[in-house]
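One-letter residues, chain by chain:
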Amino acid sequence: MTGGRTARPALPERATLDKAADENFPVAPFFLPRAWRTDLVAIYGFARLVDDIGDGDLAPGGADARLLGLDPAAAEDRLTLLDAFEADLRRVFGGTPGHPLLRRLQPTVRRHRLTPEPFLGLIEANRQDQLVSRYATYGDLLAYCELSANPVGRLVLAVTGTTSPERLRRSDAVCTALQIVEHLQDVAEDLARDRIYLPAEDMKRFDVQESDLAAPAASAPVRALVAFEAERARGLLDEGAPLVHSVRGRLRLLLAGFVGGGRAALRAVEAARHDVLPGPPRPTKAGLLREVGATLRGEG
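Each residue is numbered by its place in its chain's sequence as written, counting from 1. Residue-level local features of this predicted model are given only where pLDDT is at least 70; pairs of side-chain atoms are given and counted only at 80 or more, and the full residue set underlies all totals for whole chains, interfaces and linings. Only heavy atoms go into the side-chain values, all of them from the structure, while hydrogens and water stay out.

1. Overview of the packing of helix α6 (residues 117–131) against helix α7 (residues 138–148)
Axis angles are defined between N-to-C directions and span 0 to 180 degrees, where every axis is a line fitted to C-alpha atoms and, for a helix, only to the segment in contact. Put simply, DSSP H or I for four residues or longer makes a helix, DSSP E for two residues or longer makes a strand, and each gets a number counted from the N terminus. Where α6 contacts α7, the axes come no closer than 7 Å and their chain directions differ by 130°. Here α6 lies oblique to α7, going by the angle between them. In this structure, α6 uses Gly121, Leu122, Glu124, Ala125, Gln128 and Asp129 to contact α7, whose residues at the interface are Tyr144, Leu147 and Ser148. Broken down by class, the residue content of the contact of α6 with α7 amounts to four nonpolar, three polar and two charged. The cut-offs work like this: below 35 degrees is roughly parallel, past 145 is roughly antiparallel, 65 to 115 is roughly perpendicular, and the gaps in between are oblique. Contacts are residue-level and defined by heavy atoms, with any inter-residue pair within 4.5 Å sufficient. In this classification, Asp, Glu, Lys and Arg are treated as charged, Ala, Val, Leu, Ile, Met, Phe, Trp, Tyr, Cys and Pro as nonpolar, and every other residue, Gly included, as polar.

Here you go:
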């Protein structure tokens, strides 16, 4: 309450952008140039909204469905919403989109001559989440990360004007690693959504059943499986880490935050003895700063 007036509910786009503070890694930290921050927040708004559609986490009331030209009752149909969101995205590149977050994205797209492909990849990843809930092989999981994670890094490079073939390769490694780390942290949460991102071939190798992932604490085989996947993620972070020193200035600090943040998250998983089932192991602020500093110094 302010001045005797009842506060109105937050607009859908505001509620989406407010989630930035809860992300594992800074979306657009204060030390970046204002123009970069504006563009990165616009991209974040897109990515956050498409994830919220895919996870069924939209604000109640059907406001986002209405903004996409649908009946509010369609808010429960994720595939229909994703199709409408894709149609509205295409208007960003030739027309006038209906959703405020996409209208906010349009100047960023025009300023940097961004192509639709990274954005379409993120939509397709969420569409895949509605249709695929298990991954047979590690290769299948990497193909999913190509859609769900790698476009974000590619967009960061495009906005900062630092795209090159080598940087794209390193960026993909970092983004895939961060996605795998998030999956390891969220095994229990994902299972509650009937999704398992641990490859079936690896579960079989470590003699882990799906029922083992629903336990309140991880068994020795589950912990061994998580440790195995964590080492894979660590290897990808190491592969991508030279990206940090291929750029200068404040962008270097941002990228060090991504790599160091991933390493700190892996340290937290390790400190929990790879038991991720009670809840996501999170790094401390001190641990995060330590890993970011080590990354900036070029330490593995």
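2. Examining the pattern of salt bridges
Side chains bearing opposite charge may pair, as long as their charged atoms lie close to each other. Take a side-chain nitrogen of Lys or Arg and a carboxyl oxygen of Asp or Glu: if they are within 4 Å of each other, that pair is a salt bridge. By the definition in use, this model includes 25 salt bridges. One salt bridge in this structure joins Glu86 and Arg90, with 2.9 Å as the shortest N-O distance. With Glu86 and Arg90 both in helix α4 (residues 78–92), this residue pair falls four residues apart, about one helical turn. Three labels apply to residues, based on accessible area from a 1.4 Å probe with only protein chains included: buried if under 20% of the type maximum, exposed if over 50%, partly exposed otherwise in between. Judged by its relative accessible area of 17%, Glu86 is buried. The exposure class of Arg90 is partly exposed, given its relative accessible area of 46%. In this structure, Arg169 engages Glu239 in a salt bridge whose closest nitrogen and oxygen atoms are separated by 3.2 Å. Of this pair, Arg169 sits in helix α9 (residues 165–185) while Glu239 sits in helix α12 (residues 220–240), placing them 70 residues apart in sequence. Overall, Glu239 belongs to the partly exposed group, its relative accessible area being 33%. One connected set of salt bridges, linked through shared partners, spans Asp83, Glu86, Arg90, Glu124 and Arg127.

3. Here we look at the environment of Glu291
With respect to the secondary-structure elements, Glu291 resides in helix α14 (residues 285–296). The spatial distance from the C-alpha of Glu291 to the C-alpha of Gly279 is 22 Å, given a sequence separation of twelve residues.

4. Observations regarding unusual backbone geometry
Trans is the common state for peptide bonds, and a negative phi is the common state for residues other than glycine. The phi dihedral of Arg113 falls on the positive side, at around 55°, and the residue is not glycine. Residue placement: Arg113 occurs in the loop between α5 (100–112) and α6. Despite not being glycine, Asp207 has its phi angle at roughly 55°, a positive value.

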